[in-house]
Amino acid sequence: MIVSTKDLFKHAYGKYALGAYNINNAEQIIGLFRGSLDSSAPFIIQISKGARSYTDKRLLEAMIRAADEIFPEAIYAVHLDHGDEESCLDCIESGFYSSVMIDASSKEFGENIAITKRVVDAAHPKGISVEAELGTLGGVEEHVSVSEADAHLTEPKEAEEFVKRSGCDSLACAFGTSHGAYKFSGSLGLHFEIIQGIQELLPGFPIVMHGSSSVPQDEVRRINAAGGRLKGARGVDEEQISRAATMGVTKVNIDTDGRLVWCRVHRESFRDDPENFDLRPPGKIFMAEYAKYIAHKNQVLGSAGRLEEVRAELKK
Ligand code: G3H
Ligand code: 13P
Ligand code: ZN
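Residues numbered from 1 in each chain as written. Chains lettered and ligands numbered in written order. Predicted model: local features only at pLDDT ≥ 70, side-chain atom pairs only at ≥ 80, totals over all residues. Heavy atoms only, no water.

Draft legend 1. Region of the structure containing the site of ligand 1. Looking at ligand 1, the residues that line it are Asn22, Ser48, Asp81, His82, His179, Asp255 and Arg259. His179 is positioned with one of its side-chain polar atoms (N or O) 3.1 Å from an oxygen atom of ligand 1. Surface burial for ligand 1 is 66%, taken as the share of its 300 Å² of free accessible area covered by protein chains. Broken down by class, the residue content of the shell around ligand 1 amounts to no nonpolar, four polar and three charged. (Near = heavy atom within 4 Å. Polar contact = N/O pair within 3.5 Å; in protein donor to acceptor, adjacent residues only side chain to side chain. Areas by Shrake-Rupley, 256 points an atom, 1.4 Å probe, with all protein chains shown as cover. Nonpolar A, V, L, I, M, F, W, Y, C, P; charged D, E, K, R; others polar.)

Set out below in structure tokens:
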């Protein structure tokens, strides 16, 4: 059942975080629904601009509608990940999305607010909520001094002003993560003082963490043992994710980890069965392995076991 992102956030805030998982094809959709039901977790399925143009956005939407029939007990929201103004308006118009993300974080503060507000004004009358982004995510490298690195992180005071002026419903903030498989080198992790600062100034307001893949080291090792060349890949510690989930971080975006599962399964499958050229044997393994990953991650986020609570809350 597709529900509003706002309702999911209301239930989760301060207690647990919703996994927001990127999907691009049928196998990922099936793995995500199975893993979420196996762990009794509500979730957010998210589609990036790139995913919408990879095959065709209508195909992805139709596959999600089909999954809704195949898995009638599932409770989830559908979200546009990293949209621009045009794709946000397209999703708002389509009536299929629970929420959209307007990513104008590369613009200067005032322009980011103005663009976000235009999207909010189009989305709210239709009951769609809007995630915005403030701050610059990026690799925090060891050779960058802390003050330089801090310059890219979200300022809690600015976050407060941004939310008040733009009217957005959730905010993606930069507090130490980065997209992809190569995150902070060395021992740097999340800046909890920033999360805490934002939570204090905006109590009850959902904070979104992008770049949240953990890049499991065993996955990296297996990929490399099967011919891959991922050197120095590193992600966010799961204990840190669990802690952030109790501090107002209500949506945790994960894409890279799913790609790593896909890569490992396919590399191992073709290595171990070089005569095979059928896509279905590795596809089947991938769906099962991705479902396992999702169920595990939902435990880390604290969303596992919440499905019936959420269902009861939505009926009120
Ligand atoms: O943060 C970006 C997501 O990982 C989506 O990636 O734009 O390649 O689909 P993508
Ligand atoms: P990862 O690259 O860490 O999976 O982050 C995904 C993300 O932020 C999607 O918006
Ligand atoms: Zn992101």
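Draft legend 2. Here's a closer look at the packing of helix H8 (residues 156-166) against helix H9 (residues 192-201). Interaxial distance between H8 and H9 falls to 8 Å at its minimum, and their mutual angle equals 40°. When the axes of H8 and H9 are compared, the pair comes out oblique. As H8 packs across H9, the resulting crossing turns out to be right-handed. Residues Pro156, Lys157, Ala159 and Glu160 of H8 touch H9, and the partners they reach there are Ile194, Gly197, Ile198 and Leu201. The residue inventory of the contact of H8 with H9, partitioned by class, reads five nonpolar, one polar and two charged. (Axes fitted to C-alpha atoms, helices over the stretch in contact; angles between N-to-C directions. Helix = DSSP H or I, 4+ residues; strand = E, 2+ residues; numbered from the N terminus. Parallel < 35°, antiparallel > 145°, perpendicular 65-115°, else oblique. Left-handed = near helix turned anticlockwise from the far one by under 90°. Contact = heavy atoms within 4.5 Å.)

Draft legend 3. Quick look at the nonpolar core. Judged by nonpolar contacts, the single largest core of 85 residues is most densely connected at Phe33, Ile45, Ile64, Leu171 and Phe175. The greatest single-element share of this core, amounting to seven residues, is contributed by helix H13 (residues 280-301). Core analysis: the next-biggest nonpolar cluster, separate from the first, contains seven residues, Val215, Ile223, Ala233 and Cys263 among them. (Core = buried A, V, L, I, M, F, W, Y, C linked by side-chain atoms within 4.5 Å. Buried < 20%, exposed > 50% of the residue type's maximum accessible area, 1.4 Å probe, protein only.)

Draft legend 4. Up close: unusual backbone geometry. Positive phi, close to 50°, is recorded for Ser40, a residue that is not glycine. In this structure, Ser40 sits in the loop between helix H2 (26-38) and strand E2 (43-48).

Draft legend 5. Inspection of the packing of aromatic side chains at higher detail. Tallied over the full model, the rule gives eight aromatic pairs. Taking the centre distance of 4.9 Å and the plane angle of 75° together, the rings of Phe33 and Tyr76 count as edge-to-face. Highlighted residues: Phe33 in helix H2 and Tyr76 in strand E3 (residues 76-83), separated in sequence by 43 residues. The rings of Phe33, Phe43, Phe71 and Tyr76 are connected pair by pair, giving a single aromatic cluster. The lysine or arginine in question, Arg243, covers the ring of Phe192, its NZ or CZ lying 3.8 Å from the ring centre. (Phe/Tyr/Trp six-rings, centres within 6.5 Å; stacked < 30°, edge-to-face > 60°. Lys NZ or Arg CZ within 6 Å of the ring centre and 35° of its normal.)

Draft legend 6. Region of the structure containing the pattern of salt bridges. Going through the model one piece at a time under the given rule, you end up with 23 salt bridges. Between Arg118 and Glu85 there is a salt bridge, with the nearest N and O atoms lying 2.7 Å from each other. One end of the pair, Arg118, is in helix H6 (residues 109-123); the other, Glu85, is in helix H5 (residues 85-94), and 33 residues separate them in sequence. Residue class for Arg118 comes out partly exposed when judged on its relative accessible area of 44%. Here Asp121 makes a salt bridge to Lys117, at a shortest N to O gap of 3.3 Å. With Asp121 and Lys117 both in helix H6 and four residues apart, the pair spans about one turn of that helix. Each of Arg52, Lys57, Glu61 and Asp90 takes part in one network of salt bridges that share partners. (Salt bridge = Lys/Arg side-chain N within 4 Å of Asp/Glu carboxyl O.)

Draft legend 7. Local environment of the site of ligand 2. Around ligand 2, 15 residues are found, and the nearest of them are Asp81, Lys183, Ser213, Asp255 and Thr256. His82 is positioned with one of its side-chain polar atoms (N or O) 3.2 Å from an oxygen atom of ligand 2. Measuring from an oxygen atom of ligand 2, one finds a backbone N or O atom of Ser212 at 3.2 Å. Coverage of ligand 2 by the protein chains reaches 97% of its 310 Å² of free accessible surface. A class-by-class count of the residues in the shell around ligand 2 yields one nonpolar, eleven polar and three charged.

Draft legend 8. Fine view of the coordination of the zinc ion (ligand 3). Every protein donor of the zinc ion (ligand 3) is accounted for by His82 (NE2), His179 (NE2) and His210 (ND1), and the metal-donor separations fall at 2.1 Å. For the zinc ion (ligand 3), all donor residues lie on one chain, and their spacing in sequence is H-x96-H-x30-H. Here His179 lies in the loop between strand E6 (170-173) and H9 and His82 lies in strand E3, a separation of 97 residues in the sequence. Classification of His179 by relative accessible area gives partly exposed; the value is 45%. (Donors = N, O, S within 2.8 Å, 3.2 Å for Na, K, Ca; no water.)

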